[in-house]
Structures are given as structure tokens and as C-alpha cells.
Amino acid sequence: MTLARLLAETGAGLPVANNQAAVGLCQSSGTRPELKRVTLLHAIASISQGVLISGPDRLILSANKAFENMSGYSEAELLGRNCALLQGPQTSPKTLKELRMALHAEEPFYGELLNYRKDGAIFWNELSINPVFDRGGALTHYVGIQRDVTERKLHQTQLKLAAQVFAQGHEGIMVMDEQRAIVMVNQAFTDISGYTQAEVLGKTNRMLSSGRQSDSFYRAKWQAIDTTGSWQGEVWHRRKDGAEYLEWLTISAMVDDQGCVCNYIGTFSDISEQLAARERITWLSHFDVLTHLPNRALFMDRLGLEIKRAQRTGLTVAVLLLDIDHFKEINDALGHDQGDRLLVAAAQRVRNVVRDMDTVARLGGDEFAVIVSDLQDLQPVKTIAQNILDALVAPFELEASSGYVSASVGIALYPSDASDIETLLKSADQAMYAAKASGRNCYSFFTPELQDHAQNRLWLTNELRSALTNDQFWLAYQPIVNLKTGEVRKAEALIRWQHPVRGLISPADFIPVAESSGLIVEIGEWVFRTAATQVAHLCKTHAADFQLSVNKSPAQFHRQTAKSETWDQHLERHGISCHSIVVEITEGLLLEASQRVDDQLRSLREAGIQVSLDDFGTGYSSLAYLQKHDIDYVKIDQSFVRNLCCGSKEMTLCEAIIAMAHKLGIQVIAEGIETTEQLELLRAAGCDYGQGYLFARPMSALAFDNFLAQSGADSPHGVST
Ligand code: C2E
Ligand code: MG
Ligand code: MG
């Protein structure tokens, strides 16, 4: 059915409607109804809105061209189908309910529905449905007038979104007119700047200026906007309360249809926190967090600059490397908190005694460095080094007690000691170790001998690695004589290194290298096993209670692995009594106050291996240590014995040591006895045992066998004393 037929078939008269469109139909009834019908027909067919006419049963009777275009269906396809054929499931249930109720009540309906086109595409359909009644008031038709409003809806949605972004975004937004006067700001603008919209309307954004940036900066900014349409960058602004903040600002020019600038839009965010984080990172990469001194990186930078300057001026640059002596002990005994506290105070003291122009840096741990530049002679460096030492020996006030430290300082000079940074630091390091070696709490200048020494150590380390496998070690035995009886039932095993090129190398030269390289663990095990084999032999051939002393370095206590066989296990496995071995340790080991060391010493003694305290008197000679650790023997260091004579200070010390040890149930061995006078004095003081060239020098196993056989033959007790 077409529109023409529909209109013709309205027969008895024109339909009556209760809406606007239908009013038009009513008014069209008049003196010339046919003409009106034709006019109506054309009007409906050609209007831009879609018109769909259905019967009371909602079956489509007619559709105009605009509806065909909108829906994609031809009128022919639509005829006889239900009006609901476009209806999509995305229309809100509420709207559909309203539609159904209106149809049911035969009342007009207006609404917006999300409908389907023939091709399945969804579109917004603005729809009004009007019931048409005949003269008797019976429903004859529905006239639906429809429009595709998808574009308008999209536009509305975008506007809504934009408004939301404007109102709720975290970035401050200001809209300016073409004169750059503010016309609108959002809430974030107020939150960041502190100004409300009312306070900024009509003003330019220069009112936010902090004054930090120059006029030319602002001129350049607007020039960029005028030429390129936008600008972005960091700007310092001032809040209403006066506080300055850094913002990241973007300004874009908006143009109207004619291409003229109508608005400027500025968006910005407060990046003060980012700036602070950035500055913190820069600071962290150059400074030490604990002491706030320059760190290694900045120190190297500055040293590089000072060296360049010295090349121009011809003056000298000194690097002082400073290491706090025994800092580890403070850390271990008082805790890291107190260690840190001491470091902060030490850093401050060093800073106080150098010149303002000198750099003090913390290179790590307890190691500091000072750059002293523009030197014409060495006096200022010596003064600074001594002042540093003096400043550090004063007690440090820590939480519960006072901390006492000292420092060792190594000094190297540019250009006389080194021509580049690396060598200069290496030289200062060598000088620092020399200071430590010469008793700590002092400073040392780098000398070429130190370099030779360092090279020698390197050579020794390399050679030591293969010495064990190449069988270059052997043990020498030096008798320990009972001063009362003259018997020799003890001896000390002393390592010897027979190098194929260098000949015999003294343990005094290679043991420190073996300790610092860690090779001492392997070497020490070899010494122990060789001594164990030898003592088993001596027990058989000489005396069943014969004892061999073995020196054990602190490094052996620290690096011993749990997996390796313990010394008592080894002795047991070979059927050797643990009493046959005495372990010689030094006071330094006891001073470390480490649980690991305590445990190992205890288990040695529990197994029956005796412990001897070597070189007594050269270290801390603490009574407390003697008491705490069950020590069996104290060995008076040869430095006391060497100068022993009647009435000497050394004599008094030896007497005191002997008396004290005996009170604690400890026996005393005097080392380095070379003269009969020394022997007599020690014997008179009650010393139990003696060791020294007077009796015999350390000798090979074979020579020692002969020695024992000889002394046994000469005297029923052993050597003649
Ligand atoms: P030490 O344990 O105090 O050994 C005593 C040192 O004094 C030995 O030096 C010995 O030869 C020397 N000596 C003995 N009697 C006299 C004397 O009357 N006059 C003089 N001037 N010296 C005397 P040596 O053998 O050169 O050993 C030096 C140090 O090397 C030892 O001192 C010890 O600390 C270390 N050492 C030796 N062997 C070993 C070892 O197997 N392991 C470890 N860790 N250290 C060892
Ligand atoms: Mg010894
Ligand atoms: Mg000794």
C-alpha cells in the first residue's frame, strides 16, 4: 500500500489526530479536500523526516522516502511488517516500557531509541508516534515521525565528556580569549594555584608569574604560540599564598572557522615533586647519604679538574687517603648504628680541619679522601694530615659509651708520584697501607719503594699459588726447652718456602701475602698435616708426650669451611693424640670478639688440643682475654727477651707476665733466647719454657731427629741449660 492509496482509503473523511501533524491533516479538511489530499501526499512524501504509517495492529501501511533512506529498507520491504522491526536491544528498557504503555493507552509517544538499520548498523532514532482516530473516535492509524539523530547524540556525548574532563581533570586548565584574558578555569586550576575563577577572570596569566623567569622568556613563549600555534615547557609560577611551584605548561591557540585565533587554552600540572625527586637523584649520584660528603664519583670528577688545573699552574695536588683503624671492631662491638654515628662525626671533624677549598669525600665504608691542591711545598699537606689524625683521636660520644679510633693516612702527589688519577689513587692506597704497617695513627707519603713492595707482593701472590703443588714448602722445627729440666718435649713447626729462583723465602715475607690472598687456608692445612705426621713420628722415636706447636693465622679461623675435616678429626683418624698438637694464635684474634672464633677455640680445647698465645706483649696483652679463653701457654715476645738485663723495664715486664700467667694457671714460654744471661734471668723469674738460637735454630725434620738424639745422649734430660 502506498501513501496515495492510504489517503484515498481514509474514505468517510479525514482522520482526526491529537497532535501537531494530525492537526495539519484536520485543517486540510475544507472546501477542496481532494486538492488538500494531494498536497498532503506530496508533503509527507517529501519532508526530511521519516514518516511511517501503520494500522492499529502496528503493521506498516506506508513509509516515505526519508524513512527509506534512514532505515535502509524500501517501502515495499516494509509493507505489512511490524513497526517494531527496527527496534534494537540497546534501547533502555525504561523507554521501551514507556512506548508500550503509550501505544496501549492510544496516546502519543516521544522518545529516543537506539535502533537497527537494515544493514545492522545502530543509529539514534528520535521518534514520535501519534495515534489517529476516525470521527467516531476509533483508532485507525499510527503515524510515526522519525529522525536519525546519531550525530547530534555523539556531539552531545563528546561535549559532556569534555565538560567532565574540564571539571574533574587533574591538570589545571585556563581558557583565554584572543586578548589572552582568562575567561574560564577549572577546579584543578584553583586547587593548584589557589585562585578561584572569580579572582582570575579577565586577567592574563602573568598574574601567576613568580618573577623567576624574565620578560624575554614570556615574549619567546608567546612568539612561539603565535608562529607555531602552541608552546610547552617548565614555568615557575606563584600560588595565591606566595609559594612558588614549577609547572609543566602547554598553551595552544584555537582558531575559528575564518582561521583567526579566538581562544588560547593553557593546561598545566604541578611538577614540583618531580623536580624534588630529580634533584634528589642528582644529589644521590654525587653525595654520600650518611655523611653528606661528596661520594667517589664526585671525588673523581673534582680530582680530574684539579689535575687539569695543576697542569696549567704547575703546582702540586695531594691526595690523602684515610682509613679509620679498627673501625670494624667498633661496628661489631657497638652495632652499625653507632658505627654510622661515629663516621658522621669523623667526617665532620675531617671537614673542620681542612681548608674550605679542599674536597673531603667518603669513598666507601670507613675510607675517606681529601684533595689538597695548589701546593708550592709539602708543609700544608703535612699540617692537614697531622690535624686530621689529632682530630680523630679525641673520643667520640656514642650512645652508651665513648668510641676511640685512630686513622692511617696515605699521601700521594701529582705530578711527582703519578701522572694519572688511577695511579695517583693507587699510590695513595699503598702509602696508606704503609702507614697501617708502621703502627697506624700516622701518615705516610708514597715512595717508589712502596711501589716495589706492592710489585713484590703481587709476584709473591702469583708464585705462592703454585708453591704447594710444586712441593716448595717444608717445615723447620725449633725446640722448646723445659727451663727447669732441660728436657725437649716440645718444638714449634715453622714453615719454609724454598723458591727455585729466589731461594729460601722467610715466612715473615710471604705469610702476610698468603693471609691477604686467602691462600693461607690451604697452606695452613698442609702445615698442620705435615706437623701431625712428624709429631706421630716424634712420639714414637723420642717421647710419647711430645708436642708440636703449629701457628694458625686469624684468616684460617675466618675462612675455614664447615665441610673440611677438623684438626681433631684428622688426628683421630691417624691415631694421633690431640695432646700432641698445640695451636699458636695471636692476640689480635682474641680481640676480634667474634663468636665464630670463640666457638672454634672452644672446640679445639674440648678435643684436647692446647692453645698457646704467641708474641704476647706486642698486642693488647689483655688479662681479660687470658681469662675468658682457656689459654694453656703464653709466649713472651722476643722483643722483650732481646733487651733483657737485670733491672730493665723488659725484666719487670717479663716478671709481671710470668707472675700473672701462673696466677691464671698458664705456663710461660720465652721466645728468642739468644744469650745465657737472658736464659738465667728468665729462669730466675720462674719462666717455664724457652725457645731461641741459644738452644737451637729452626731446623729440618732430619736435623731435628739428630738434634733430639744428640741432646738425649749428652744429657739425660735434654739440652744442657
Ligand atoms: P713466631 O711464631 O713468633 O715464630 C718465632 C720466630 O722467631 C721464627 O721466625 C723463629 O725462627 C724466630 N726465632 C726463634 N728463635 C729466635 C732467636 O733466638 N732470635 C731471633 N731473632 N729469632 C728467633 P720465622 O720462622 O721466620 O717465622 C716468623 C713468623 O712467621 C712466625 O713467628 C710466625 O708468626 C710466622 N709463621 C711461621 N711459620 C708459620 C706457619 O706455618 N703458619 C703461620 N700462619 N705462620 C707462620
Ligand atoms: Mg709461633
Ligand atoms: Mg712468636
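All values derive from a computational prediction rather than experimental measurement.

## Some details on the coordination of the magnesium ion (ligand 3)
Right, so step 1: On the protein side, the magnesium ion (ligand 3) has Asp-614 (OD), Asp-615 (OD), Glu-671 (OE) and Glu-671 (OE) as donor atoms, found 2.0 to 2.5 Å from it.
Right, so step 2: Along the chain, the residues donating to the magnesium ion (ligand 3) fall in the pattern D-D-x55-E.
Right, so step 3: Between the magnesium ion (ligand 3) and the magnesium ion (ligand 2) the interatomic distance comes to 4.1 Å, and Asp-614 is a ligand of both metals. Residue Asp-614 is located in strand S24 (residues 610–616), and its partner Glu-671 is located in the loop between strand S26 (667–670) and helix H27 (676–684); the two are separated by 57 residues in the primary sequence.
Right, so step 4: When its relative accessible area of 7% is taken as the criterion, Asp-614 is described as buried.
Right, so step 5: We classify Glu-671 as buried; its relative accessible area is 7%.

## Quick look at the coordination of the magnesium ion (ligand 2)
Right, so step 1: Around the magnesium ion (ligand 2), the protein contributes the donor atoms Glu-492 (OE), Asn-551 (OD1), Glu-584 (OE) and Asp-614 (OD), at 2.0 to 2.2 Å from the metal centre.
Right, so step 2: As a motif over one chain, the donors of the magnesium ion (ligand 2) read E-x58-N-x32-E-x29-D.
Right, so step 3: Residue Glu-492 is classed as buried on the basis of its relative accessible area, which comes to 4%.
Right, so step 4: Assessed through its relative accessible area of 28%, Asn-551 is described here as partly exposed.

## Examining the environment of Arg-212
Right, so step 1: Secondary-structure assignment places Arg-212 in the loop between helix H9 (197–200) and helix H10 (215–228).
Right, so step 2: Considering only alpha carbons, one finds Arg-212 and His-237, 25 residues apart in sequence, at a separation of 8.2 Å.
Right, so step 3: Those residues in contact with Arg-212, other than ones at most four positions away along the chain, are Trp-236 and Glu-244.
Right, so step 4: A distance of 2.8 Å separates a polar atom in the side chain of Arg-212 from a polar atom in the side chain of Glu-244.

## Some words on the nonpolar core
Right, so step 1: Ranked by size, the top nonpolar core spans 74 residues in total, and within it Leu-464, Phe-546, Ile-585 and Phe-704 carry the most contacts.
Right, so step 2: The leading source of residues in this core is helix H19 (residues 520–541), at nine residues.
Right, so step 3: Contact partners of Phe-704, with chain neighbours within four places excluded, come to Tyr-477, Pro-479, Ala-491, Leu-538, Phe-546 and Met-699.
Right, so step 4: With 31 residues, the next largest nonpolar core counts Ala-318, Val-350, Leu-375 and Val-409 among its residues.

## So, the packing of aromatic side chains
Right, so step 1: Applying the stated criterion to the full structure yields 15 aromatic pairs.
Right, so step 2: Taking 5.9 Å as the distance between ring centres and 85 degrees as the angle between the ring planes, the aromatic pair formed by Phe-217 and Trp-231 counts as edge-to-face. Here Trp-231 lies in strand S9 (residues 230–238) and Phe-217 lies in helix H10, a separation of 14 residues in the sequence.
Right, so step 3: By relative accessible area, Phe-217 is classed as partly exposed at 23%.
Right, so step 4: By relative accessible area, Trp-231 is classed as buried at 16%.
Right, so step 5: Ring plane angle 80 degrees and centroid distance 5.3 Å describe the contact between Trp-497 and Phe-510, whose orientation is recorded as edge-to-face. With a gap of 13 residues between them, Trp-497 in strand S20 (residues 488–499) and Phe-510 in helix H18 (residues 507–517) connect regions that are remote in the sequence.
Right, so step 6: By relative accessible area, which is 0% here, Trp-497 ends up buried.
Right, so step 7: Taken together, Phe-473, Trp-497, Phe-510 and Trp-526 form an aromatic cluster joined through their ring pairs.
Right, so step 8: Directly above the aromatic system of Trp-124 lies the positively charged group of Lys-153, at a separation of 4.3 Å from the ring centroid.

What counts and what doesn't
- Residues numbered from 1 in each chain as written.
- Chains lettered and ligands numbered in written order.
- Predicted model: local features only at pLDDT ≥ 70, side-chain atom pairs only at ≥ 80, totals over all residues.
- Heavy atoms only, no water.
- Donors = N, O, S within 2.8 Å, 3.2 Å for Na, K, Ca; no water.
- Helix = DSSP H or I, 4+ residues; strand = E, 2+ residues; numbered from the N terminus.
- Buried < 20%, exposed > 50% of the residue type's maximum accessible area, 1.4 Å probe, protein only.
- Contact = heavy atoms within 4.5 Å.
- Polar contact = N/O pair within 3.5 Å; in protein donor to acceptor, adjacent residues only side chain to side chain.
- Core = buried A, V, L, I, M, F, W, Y, C linked by side-chain atoms within 4.5 Å.
- Phe/Tyr/Trp six-rings, centres within 6.5 Å; stacked < 30°, edge-to-face > 60°.
- Lys NZ or Arg CZ within 6 Å of the ring centre and 35° of its normal.

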